[in-house]
Every structure is written in C-alpha cells, then in structure tokens.
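Structural description and commentary
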Amino acid sequence: MIISSSLFKDVRTANPVSACRFCADPFAIEYEGRLYLYGTNDQQQYIENRYKGNNTYEKINSLVCFSTDDMINWTFHGEIDVKKAAPWVLSSWAPCVIYRKGNDGKTHFYLYFSNSGCGVGVLTSESPVGPWSSPLNKPLINFDMKDIGDVPNPFDPGACIDCDGNGYLVFGGGIAKGCDESFPGTVRIVKLGKDFVSVENDFVQIPAPYFFEASDLYYMNGTFVYSYNTNWVERKYWNLPESEPSPCCMSYMTTKTPMDGASWKYQSHYLKNPGEMGFNYSNNHACLVKFKGKHYIFYHTLMLQDKKGISGGFRSICADSIDIDEKNACISMASGTREGVQADGKVCPFKNVHGSLQFTSADIDYFKNNGSVSLSQGAWILIRNVDFEQNACELIVTGSGHGSFSFFADKMEGEPAAVINVDSEFACTLSSSLSLTGVHDFYIVMSTAGLKLDKWFCRANS
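Structure report, in brief. All figures in this text were calculated on a predicted structure; none of them were measured in a lab. Each chain carries its own residue numbering, running from 1 in the direction its sequence is written. Local features are withheld for residues below a pLDDT of 70 in this predicted model, meaning they are given only at 70 or higher, and side-chain atom pairs are given and counted only at 80 or more; totals for whole chains, interfaces and linings count all residues. Remark: hydrogens and water are excluded; side-chain values derive from all non-hydrogen atoms of the structure.

1. Thoughts on the overall build of the chain
Working definition: helices are DSSP H or I runs of at least four residues, strands are E runs of at least two. Numbering for both runs from the N terminus. When helices and strands are counted, the chain shows three helices and 28 strands. In this description the radius of gyration comes from C-alpha coordinates, and the expected globular size is given by 2.2 Å times residues to the power 0.38. Since a compact globule built from 462 residues should have a radius of gyration of about 23 Å, the 23 Å found for the chain is in line with a globular shape. The rule is simple: take the accessible area with a 1.4 Å probe, protein chains only, and divide by the maximum for that residue type; under 20% is buried, over 50% is exposed, in between is partly exposed. Residues classed as buried in the chain amount to 58% of the 462 residues present. Sequence-distant contacts in the chain: of pairs separated by 6 or more residues, those separated by 24 or more amount to 60%. About 18400 Å² of surface is accessible on the chain, with carbon and sulfur atoms providing 47% of the total. Residues are treated as being in contact if the distance between any of their heavy atoms lies within 4.5 Å. The Shrake-Rupley method, run with a 1.4 Å probe sphere, supplies the accessible areas, and residue values consider only the shown protein chains as cover.

2. A short note on the sheet that holds strand β19 (residues 316-321)
Judged by pairing direction, the sheet is antiparallel, and its three strands sit side by side in the order β17-β18-β19 without closing on themselves. Each edge of the sheet is formed by a strand with only one pairing partner; in this case those strands are β17 (286-291) and β19. Averaged over all neighbouring strand pairs, the angle between strand axes comes to 30 degrees, with direction disregarded. Two strands pair if DSSP finds at least two bridges between them. Orientation is described by axes fitted as lines to C-alpha atoms, over the contacting stretch for helices, and by angles from 0 to 180 degrees between their N-to-C directions.

3. With respect to the packing of aromatic side chains
Here a Phe, Tyr or Trp ring, Trp counted by its six-membered ring, pairs with any other such ring whose centre lies within 6.5 Å, and the pair is stacked when the planes are under 30 degrees apart, edge-to-face when over 60, and tilted otherwise. A full pass over the atoms with the stated rule returns 31 aromatic pairs. Consider the rings of Tyr46 and Phe314, whose centres lie 5.1 Å apart with planes at 65 degrees: the pair is edge-to-face. With a gap of 268 residues between them, Tyr46 in helix α1 (residues 42-48) and Phe314 in the loop between α3 (303-308) and β19 connect regions that are remote in the sequence. Owing to a relative accessible area of 0%, Phe314 belongs among the buried residues under this scheme. Here Phe442 and Trp456 contribute two aromatic rings whose centre-to-centre distance is 5.3 Å and whose plane-to-plane angle is 45 degrees, an arrangement assigned as tilted. A residue pair is termed long-range when its members are at least 10 positions apart, and Phe442 in strand β27 (residues 418-446) and Trp456 in strand β28 (residues 452-460) qualify at 14 residues. Each member of the pair, Phe442 together with Trp456, is buried.

4. Things to note about unusual backbone geometry
Pro16 follows Asn15 through a cis peptide bond whose omega is -5 degrees. Within the secondary structure, Pro16 is located in the segment before β1 (24-31). Between Gly130 and the following residue, Pro131, the backbone shows a cis peptide bond with an omega angle of 10 degrees. Note on placement: Pro131 falls in the loop between β7 (119-125) and β8 (141-142). Even without glycine at this site, Glu32 takes up a positive phi of about 50 degrees. Structurally, Glu32 is set in the loop between β1 and β2 (34-40).

5. What to know about the pairing of β2
For a regular strand, side chains alternate in direction, first toward one face of the sheet and then toward the other. Most of β2 is tucked away: six of the seven residues are buried. Two strands pair when backbone bridges link them, and β1 and β2 are joined in this way by six bridges, in the antiparallel orientation. Paired with Ala24 across the strands is Thr40, a residue of β2. Hairpin remark: β1 followed by β2, antiparallel, with two residues in the connecting loop; positive phi at Glu32, about 50 degrees. Where β2 meets strand β3 (residues 63-68), six bridges bridge the pair, whose relative direction is antiparallel. Of the residues in β3, the one forming a bridge with Leu37 is Phe66.

6. What about the pattern of salt bridges?
Any Lys or Arg side-chain nitrogen located within 4 Å of an Asp or Glu carboxyl oxygen qualifies as a salt bridge. Tallying each qualifying case throughout the model produces 14 salt bridges. In this structure, the salt-bridge partner of Lys265 is Glu242, at a minimum N-O distance of 2.7 Å. Note that Lys265 is positioned in strand β16 (residues 265-271) and Glu242 in the loop between β14 (223-230) and β15 (250-255), a separation of 23 residues in sequence. Exposure remark for Lys265: the relative accessible area of 42% places this residue in the partly exposed category. Relative accessible area serves as the criterion here: at 17%, Glu242 is assigned to the buried category. Among the charged side chains, a network of salt bridges with common partners joins Arg21, Glu79 and Asp365.

7. Here we look at the nonpolar core
Formed by 112 residues in total, the largest nonpolar core has its most connected members in Tyr112, Tyr270, Phe298 and Trp456. With 13 residues, the single largest contributor to this core is strand β26 (residues 379-409). Throughout, nonpolar core names a set of buried Ala, Val, Leu, Ile, Met, Phe, Trp, Tyr and Cys residues whose side chains join them through atoms within 4.5 Å. Formed by 19 residues, the second largest nonpolar core is a distinct cluster that contains Val170, Val187, Trp238 and Trp264.

What follows is the structure, encoded as structure tokens:
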C-alpha cells in the first residue's frame, strides 16, 4: 500500500489546529460542551492567488468554523460564505461571536466581522455553525458614520455580554488626526441595542497605548477586559508605571465602567509577537476562552506556511494554555508553542464521527461541509485517542469515489483493522467487520485521489 508522506503537521504536536487550511484571526466560544473556533479564511486568498503571491486579504470574503470537544481533534464545519449572506461586503476578516437565549426560547448567535478595513458587519444564526444570514442590508459600523469620530479603519470587532444581558462592541484601527503612534486615538466602544444588530448610544474612545488592531472584549467577574494588538513603533514615550509592551504583542486594559473612557486602565501585555516565540515574525491576533474549566489562548502563526516551504503571509491558527485569574481579571504571560495543548477528552467511535475530524492529515482537503477528500493516492487522516471502551465489532462508513478506506490502529503498518471498498459517485453507506477495544490512535488511509469520507461510526458487541 502506498502511503502519502506529504505531512505538514506533525503526528506528535497539536499545533497548528488544521493541517489542511490556512486561517487566521481566531475567536472561540464554548457552547453545549463543545468549543467552536472561527477565523479568517486565508485559504481563499491562497487559492485565488493560484497558490502563490502575497496574502493581501482583498480576495477573502468568507470565514471558517471548526469545533472540538477534546482540544486536539478538530471538526471542520465549512466556510461561512459572507458574500452570499451579505452581498454588500467588500472583504470579511476577524470574526467574533456572542450568543444568548431569546424571548422566543431559541438561542441566537451574532457574528461580527471586519468589512475589509472600512467597518463592521453582523450575521445571525440559531446555530453556532449556521446557516448565517444578514439582518441588515448594510454594515453595522461604517467608516463614514459621523458619530465614530476620526477612526479611519473601524474594523476588527470584539463583543461581549455582561451579567445584565447588555451587549458591547469594540473596534478600531489607524491613527486619528493630531495623534501619533504612541496613542493613536482610534479605539471605540459602543453599547449594542437590545437586538444586538444596532447601536444604542454614543461611541466612546478607549485610550489604548500603542494601539494597532485586533480588538477583543471580555467580561470577567464584573470587570470588562479590552484586548488589542500593539503596533511596531519604538516605545519612546512610555510613561506608565506598568512595563511597556513589546512590539506587535497582545496587551489588555480593564474597567468596571466601560462607557467611561477615562476609567480604562492599561494592565500589561500577555502574548509576544510570534517572532519572539520561536516562529517567524507576522501580524498578531489572539483570543481567550474558557473550556472545561481551563483557559486557552488562540493565536495565529506562519507555521503551516513554513512547513509547506512557501511564503506570502498565509497564516494558521494555533492554541496553547494560559493562566487567567478571572476573579481579579488578571491575564498571565502566555507562550506560543509548536507542541500546543494536551488532550482533554477522548473520541467516541460509537456515534457518528464527522468525516473531517482529524488531529492531522496528509494530502487531505476538506470536502465542502460534509467531510474530507483525498488529494492523492495514499492520503490519510489521523484521529488521536479514539476510545473503543466497548469491543467494536463493525465499522460503518458513508463515502463516495472509487477505491478503498483502510483503517489502522496506532500505526500505518501491517494488516489494517478494517478495509472498506467503495465504487460510487454518490455517497453510500458500507460496512466491515472490526475487532478493537481500548484507546487507540486511528488512521484512515485512502487508496486513490478523489475519495470522499462523509462520516463513520462503530457498532459494539451487544
């Protein structure tokens, strides 16, 4: 059997999140026991540039969504076609998502995104994975709104909901007239309307030192935390008692009264530029999230690009642990690593497993919203920590194409645990006997190019 060696994410390290997709500007939420991760779809620019050239972002008008319940195996939920949902958009970058239970008893999700560098748009859904629609026929925030003041680039939104159910939105970019790069004066916060797709009051400036971009907003135990990316300029005029932030790092400020601009206090920086953490230098964008009682930081690097031996600034999302004192709204310095996070859970094979679920893969791409597709003979997927706690006796696969799926436990050597042959242009369900128990790393090898894996699951001995 030929097995592809085109591996760009190691089988031992959890970073980057995806071995198949360039994506950036992460934002994550926890919902019903899963963590949902959203990002800018750098892959779209990469493909439309014909796999070369620089990532200049203007061709990106979609976002991506992944999810996990164990922090190391990730399901791809497809591209969010922002241009289709909101035809007025120029480009779509840097999503953030909040959600709440509505008066109708349904959960409503609000996805805010950069409309190029010109403003902020919003999409809504009743599911974290869509479908998404545009409640407005225009941006929520636009650079020519007279009320936002002198903000040339009102983009990179962040949002949060406080304990009373009030929503707040932050955004900004560029340098205001009369300001310099030490205090650009272009961060704004506004209270959202009760519908979360309008704004309720005047825009207020947050006086963020050395502000550049990548705004986010969190609510921790009665304290609002504003996170942002600093610029690259030399810190000539630093006069605060706190230590000055390093170039293009992630920093944060706090307040109890978010709409009082003077109340915001600079605290510290908590993530250095990727170039200071052993990666190549790049722009910086991070988000913080709590999942299963632990805190994580998501950020992007050029790790996948470097593995592929290309250039251009095509980014990939990574994750690491971080210490956060929620009671005092204090964020400790984090470190980005190639190793990434440790597993927090196992994969259950006795229910439908999405065909895109993977820890890493070789010569695999995501097939629309349904699963994975092989790009060459011998393409493969690795899923870590699959728990056959019951003795599995049968493997059921839904897929299409011409060839075979071979399943291996722990290593791609010797006799496979199961083989399923498929010869159909349309998705069909096939099965094979299987005998496995215990926890295994599970490899799926596809014999030919064009095989599509929609889903799989096991049956146990009764």
